[in-house]
Amino acid sequence: MAVFENAASALAVEVSPTGDQATLMQWREQYEVLWGGKRRFLECHLKRGNSREPRNCLRIYFFWDEDDELIVVGHLPSHLTNEQT
């Protein structure tokens with residue numbers, strides 16, 4: 001894990017949970033994607049910057065597909081709606 005953390009630090013990005021799924025489901029159309037015939041929650045995001053100004057921040061929302069062993073990106077590069085919007 002240290003290799004990943006070092007690479008993320010060098011790029012000035014952070015990977016973290018998107019937030020509470022129950023709360024975010026009020027914006028279901030933004031936080032869920034159709035994958036493999038099922039609706040899947042975008043449970044994580046890679047982020048850079050803390051501004052809501054699109055020129056100064058990056059958000060990549062994704063989930064890990066255990067079956068196919070790959071990351072599925074559902075939205076980028078901007079913030080999705082949340083309680084702070």
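Residues numbered from 1 in each chain as written. Predicted model: local features only at pLDDT ≥ 70, side-chain atom pairs only at ≥ 80, totals over all residues. Heavy atoms only, no water.

Undergrad: Tell me about the sheet that holds strand 6 (residues 70–75), residues and numbers included.
TA: Taken in spatial order, the four strands line up as 1-4-5-6 in an open sheet, and their pairing is antiparallel. The open sheet terminates on both sides in strands that have one partner only, identified here as strand 1 (14–17) and strand 6. Taken over all neighbouring pairs, the strand axes of this sheet differ in orientation by 35° on average, direction set aside. Sheet topology note: the strand 1/strand 4 (residues 44–48) ladder contains four bridges and is antiparallel. Residue pairing for strand 4: Val15 is matched across the bridge by Leu46. (Pairing = 2+ DSSP bridges. Helix = DSSP H or I, 4+ residues; strand = E, 2+ residues; numbered from the N terminus. Axes fitted to C-alpha atoms, helices over the stretch in contact; angles between N-to-C directions.)

Undergrad: Could you give an account of the pattern of salt bridges, naming the residues involved and the relevant values?
TA: Tallying each qualifying case throughout the model produces three salt bridges. Arg28 is paired through a salt bridge with Glu32; the nearest N and O atoms lie 3.1 Å apart. The class for Arg28 is partly exposed, based on a relative accessible area of 42%. For Glu32, a relative accessible area of 9% gives the class buried. (Salt bridge = Lys/Arg side-chain N within 4 Å of Asp/Glu carboxyl O. Buried < 20%, exposed > 50% of the residue type's maximum accessible area, 1.4 Å probe, protein only.)

Undergrad: Could you give me a rundown of the environment of Tyr61, with the residues and numbers involved?
TA: Here Tyr61 lies in strand 5 (residues 58–65). Once the C-alpha coordinates of Tyr61 and Glu29 are considered, the two residues, 32 residues apart in sequence, prove to be 13 Å apart. Beyond its immediate stretch of four places on either side in the chain, Tyr61 contacts Thr18, Tyr31, Leu42, Cys44, His45, Val72, Val73, Gly74, His75, Ser78, His79 and Leu80. Of the polar contacts made by the side chain of Tyr61, one reaches the backbone nitrogen of Leu80; its length is 3.1 Å. (Contact = heavy atoms within 4.5 Å. Polar contact = N/O pair within 3.5 Å; in protein donor to acceptor, adjacent residues only side chain to side chain.)

Undergrad: Lay out a nonpolar patch on the surface with the relevant residues and their values.
TA: A cluster of nonpolar side chains, Trp35, Trp64, Leu70, Ile71, Val73 and Leu76, forms an exposed patch at the surface whose accessible area comes to about 540 Å². Looking at the nonpolar patch element by element, the count peaks at three residues for strand 6. Locating Trp35 in the fold gives a position in strand 2 (residues 32–35). Note on Trp35: relative accessible area 32%, which makes it partly exposed. (Patch = residues over 30% accessible without salt bridge, like charges linked within 9 Å, V, L, I, M, F, W, Y side chains within 5 Å. Areas by Shrake-Rupley, 256 points an atom, 1.4 Å probe, with all protein chains shown as cover.)

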